[in-house]
Amino acid sequence: MASTLALHGKLPQNDGKDWHVFYNFVGAVPGSTDLFVALKRFLKEIEYVDDSHMPKDLDTAAQLCSGALSNSNIRPVILVVDALNQFDDENAALSVTWVPRKLAPQVRCIFSMIYDTPQHKVLMAREPPAKELRLTPLDMNERQAIVKNYLGRFNKSLDDEQMQILLAKELSENPLWLSIACEELRVYGNFRKLTEKIRSLQDGLFDLEKQVMDRLLETELLKLLGDEGNLFPSTDGEEKKDNDKEKSTEMLPAYRWAEVYRGLHVFLRPFGDSGEGRLDFYHRSISKAVRQKYFDEIEENNNVGDQRLPFANSEEAYSWWHRKLADFFEGEKNLDRQLEEYPYHLTELGDHKRLKEFLVNWDVVEALYDVEFSARLLSIWHKAAIPGPEVEQAYVEAMENYKNSTNSTNDQDLSLRYEKTSRILTQEGRFTAAMRLAEAAMEIEKQSARPERLAELYHLLGFIGDEEMRLEEYMLRTHLPRIRVIIDNLSKSIEYRKQFDTAEHKRKMGRALNRLAFYYSGWAGRGGDSTMDATTAKDLAIKAVDESIEVFSELGDEVFKADATTTKGVCYLRPCPEQIQCYKEACECLLRSIGENHVLVERLYLNMGIYYEEAGDTNQAYTYFRKWYLVCCNIFGDKHPRTKRSISTLNEATYKQIAAMCGDPVPDVTE
């Protein structure tokens, strides 16, 4: 079904508009198992976001996608994902948080997946559950047609008795099993024993696939590979050390590869860009069978065919191959290819020394760095379970080494490295070290006094303080000294930005003004001090947020304009007509632009609930607190801290009473 829709591309119109078909075949090409990559491609293809608003991490992408799929203003779209359960095991993929509970009328989602996988369970547990269509087994006529067509291409056939024996096997109803069985019969050379061969075929998918592996070994595949020194360790149990010999980079001779490929080609498919020569098993179950046979079932002194595999257990086998592959890709010259493989194998080995050296290499940093959020870079650190202090130490030491090296003769280059490293550490939550690096960059730039660089670095200093303040549950009066530093840095950044007229500088200035307004209002809400009283701070907050709204209006950026309008409402500090008017304007704009399931709408609903609660209108407060809860469930899931906060609010006595009158279920506070 997925491939049929993908071939059509466009279908008959929906209310006068063409259906757009988006498809993703998970596992078909490199990167297709990465949900983050798939969601960004989807959002860009349906023109829901442009490059300036492209999400920088998976959670944000999932929120945007959920909002898009529930937004009645987007173009008619059919989203097709083949093998939904084969996305990488990220929470957003397993919980399918990127798909809202209720789709917009002009949106259709079609997913194929294995029954009873986490994704299947999640979708069927929703209210209402997804519509399920189970693929039925092949009937006898279909099975016979497959066998006749498959063997007929090679001028071969089965007699009636042989066909009956084959199709009597329970798994012959499975297309994959039947195609593998046909291939086994096609290559079987003894016609007189063909009936016996059919009877011997294992009646189980994994069992048949492992049986095929045995047959391939009988063609001396393992021997062909086994006598190559760079493919198997010696069987005497003595592993040579890496520094005892130069790592082999010799290619397998062509005639040997031809023999290998002849035995395997029917189970393989091209993988990756056309012409690059990479291969993969054409179905996930075959690769699972291979792993199970040659890794998971290894016992001490295990022999496979005539070849002894010198691994005591599966853990030893996996480690040996990860080490062999890590050594190979350590010398890979293509950085993109190296990034695909090298960090993964080092992570599996727990080789933190080499992994740290690789991730602080500046070519790698440049390839993975993102000014907003270096998701791919940080995910490698996190998957390796390397703690934040060690990440910090690795980058700080790398910067010190570069500064003290003979290569560090260009102050501008050093400043840029300080800045990028500072942003990476900020994204990792290592704020103190990030601040020191940003200040080191600032010391360099103050000497050259380049306005563009000073604008960036003052913004960075303000951003670091802002991110650190977000960790505080409440903004307190004791935080005023920290707030003052943030205000000063953002203000200086804005003054330098005003010298430039490009859209990118204006966008950054608008965002800085928005956060400046927030901190001015925070200053006012905590009573101010002798250097700036609360009234002055509030006036400055309104002035800054009005400038932010004006900037985004000029840029035609409805989303950031609405977010700034929400901030303007917050700046009024107390319930008033102006405050609720700001919230209503922001709500209308956000729902029109990005739909309900978005983190900015979640923030807005919370503030609207607080407004009505403080104004004494608990019924309206309940309405928005419940909307807040539902949006949290859709974009964060039931267990997220923000969702738990919304559940706690709905469990307050006043709101439980209103829920009972409305007939709404009250979410369990223990969920």
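Residues numbered from 1 in each chain as written. Predicted model: local features only at pLDDT ≥ 70, side-chain atom pairs only at ≥ 80, totals over all residues. Heavy atoms only, no water.

### Concerning helix α20 (residues 411-427)
- Helix length check: α20 (17 residues) gives 24 Å between terminal C-alpha atoms against 24 Å at 1.5 Å per residue, within 8%.
- By the criterion of burial, α20 is predominantly enclosed, with 13 of the 17 residues buried.
- Positive phi shows up at glycine 429, right after α20, with a value of about 85°. (Helix = DSSP H or I, 4+ residues; strand = E, 2+ residues; numbered from the N terminus. Expected span 1.5 Å × (residues − 1). Buried < 20%, exposed > 50% of the residue type's maximum accessible area, 1.4 Å probe, protein only.)

### So, the sheet that holds strand β2 (residues 77-82)
- One open sheet holds the three strands; their spatial order is β1-β2-β3, and the pairing between them is parallel. For this open sheet the edge positions go to β1 (20-25) and β3 (107-111), each flanked by a neighbour on one side alone. If you compare each strand with its neighbour and ignore which way they point, the axes differ by 10° on average.
- Sheet topology places β2 next to β3; five bridges connect them, and they run parallel. Each bridged residue has a counterpart across the sheet, and for valine 81 the counterpart in β3 is phenylalanine 111.
- Across the sheet, helix α2 (residues 35-45) is in contact with β1 and β2; its angle to β1 comes to roughly 165°. (Pairing = 2+ DSSP bridges. Axes fitted to C-alpha atoms, helices over the stretch in contact; angles between N-to-C directions. Contact = heavy atoms within 4.5 Å.)

### Looking at the environment of arginine 511
- Assignment of secondary structure puts arginine 511 in helix α24 (residues 503-525).
- What makes arginine 511 partly exposed here is its relative accessible area of 31%.
- When the C-alpha atoms of arginine 511 and valine 545 are compared, they prove to be 9.5 Å apart, with 34 residues separating the residues in sequence.
- Once residues lying within four places of it in the same chain are set aside, the contact partners of arginine 511 are Glu372, Phe552 and Phe560.

### What to know about the state of the cysteines
- In total, this model carries zero disulfides according to the counting rule given.
- Its sulfur unpaired, cysteine 109 is 7.7 Å from the next cysteine sulfur, which belongs to cysteine 65.
- According to the relative accessible area criterion, cysteine 109 is partly exposed, its value standing at 22%. (Disulfide = S-S within 2.5 Å.)

### Concerning a negative patch on the surface
- A cluster of like negative charges, contributed by Glu170, Glu173, Asp203 and Asp207, occupies part of the molecular surface.
- Residue glutamate 173 is classed as partly exposed on the basis of its relative accessible area, which comes to 31%. (Patch = residues over 30% accessible without salt bridge, like charges linked within 9 Å, V, L, I, M, F, W, Y side chains within 5 Å. Areas by Shrake-Rupley, 256 points an atom, 1.4 Å probe, with all protein chains shown as cover. Salt bridge = Lys/Arg side-chain N within 4 Å of Asp/Glu carboxyl O. Lys, Arg positive; Asp, Glu negative; His and termini not counted. Charge placed at Lys NZ, Arg CZ, Asp CG, Glu CD.)

### Some remarks on empty space enclosed by the protein
- The full count for this structure, using the stated rule, is one cavity of 30 Å³ or more.
- By volume, the largest cavity amounts to about 50 Å³.
- Together, Phe22, Asn24, Leu35, Ala38, Leu39, Phe42, Leu79, Val81, Phe87 and Trp98 line the largest cavity.
- Every element with two or more residues in the lining of the largest cavity is listed here: β1, α2 and β2.
- Among the elements that line the lining of the largest cavity, the one with the most residues is α2, at four residues. (1 Å grid on protein atoms, 1.4 Å probe; cavity = no way out; pocket = protein on both sides within 12 Å on 5 of 7 lines; lining within 4 Å. Points joined across faces, edges and corners; volume = space filled by probe spheres on them.)

### Quick word on the side chain of lysine 568
- Of note, lysine 568 is situated in helix α26 (residues 558-571).
- A polar contact of 2.7 Å, which involves the side chain of lysine 568, links it to the side chain of aspartate 546.
- Excluding residues within four positions of it along the chain, lysine 568 makes contact with Ile542, Val545, Asp546, Ile549 and Cys582. (Polar contact = N/O pair within 3.5 Å; in protein donor to acceptor, adjacent residues only side chain to side chain.)

### Focus: the packing of helix α28 (residues 599-614) against helix α29 (residues 618-636)
- Here α28 crosses α29 at 160°, and the two axes come no closer than 8 Å. For the element pair α28 / α29, the angle class is roughly antiparallel. You can see that α28 and α29 cross each other, and the crossing is left-handed. Contacts between α28 and α29 involve Val599, Glu602, Tyr605, Leu606, Met608, Gly609, Ile610, Tyr612 and Glu613 on the former and, on the latter, Gln620, Ala621, Tyr624, Phe625, Lys627, Trp628, Val631, Cys632, Ile635 and Phe636.
- Broken down by class, the residue content of the contact of α28 with α29 amounts to 14 nonpolar, two polar and three charged. (Parallel < 35°, antiparallel > 145°, perpendicular 65-115°, else oblique. Left-handed = near helix turned anticlockwise from the far one by under 90°. Nonpolar A, V, L, I, M, F, W, Y, C, P; charged D, E, K, R; others polar.)

### What to know about a nonpolar patch on the surface
- Judged by side-chain polarity, Trp257, Tyr261 and Leu279 come together as a nonpolar surface patch covering roughly 280 Å² of accessible area.
- Within the secondary structure, tyrosine 261 sits in helix α12 (residues 254-264).

### Some remarks on the pairing of β2
- Taking burial as the measure, the six residues of β2 include five buried ones, the bulk of the element.
- Relative to β2, β1 is paired through six bridges, and the arrangement is parallel. Residue pairing in the sheet places valine 21 in a bridge with isoleucine 78 of β2.

### Quick word on the layout of surface pockets
- Reported here for the second largest pocket is a volume of approximately 670 Å³.
- Arg101, Arg126, Cys633, Gly637 and Asp638 are the residues nearest the centre of the second largest pocket, which is lined by 25 residues in total.
- Elements supplying a minimum of two residues to the lining of the second largest pocket: α4 (91-95), α5 (118-125) and α29.
- The residue inventory of the lining of the second largest pocket, partitioned by class, reads eleven nonpolar, six polar and eight charged.

### Observations concerning the packing of α24 against α26
- Look at α24 against α26: their axes get within 9 Å of each other, and the N-to-C directions meet at 15°. Between α24 and α26, the crossing angle belongs to the class labelled roughly parallel. Note that α24 runs across α26; the crossing there is left-handed. Mapping the contact onto sequence places Arg511, Asn514, Ala517, Phe518 and Ser521 in α24 and Phe560, Asp563, Ala564, Thr567, Val570 and Cys571 in α26.

### Quick look at the confidence of the model for the chain
- On average, residues of the chain carry a pLDDT of 85, and 87% of them reach 70 or more.
- The low-confidence segment residues 237-246, where pLDDT is below 50, has five contacts with residues more than four positions distant or belonging to other chains. (pLDDT = per-residue confidence, 0-100.)

### Things to note about the pattern of salt bridges
- Applying the stated criterion across every chain yields a total of 40 salt bridges.
- Between lysine 420 and glutamate 366 there is a salt bridge whose closest N-O contact spans 2.7 Å. Highlighted residues: lysine 420 in helix α20 and glutamate 366 in helix α17 (residues 362-368), separated in sequence by 54 residues.
- Under the relative-accessibility criterion, glutamate 366 is labelled partly exposed at 39%.
- Where aspartate 466 meets arginine 470, a salt bridge forms, and the shortest distance between an N and an O atom there is 3.3 Å.
- Since its relative accessible area comes to 48%, arginine 470 is described here as partly exposed.
- The network of salt bridges with shared partners includes Glu419, Arg423, Glu445, Arg450, Arg453, Glu456, Arg497 and Lys508.

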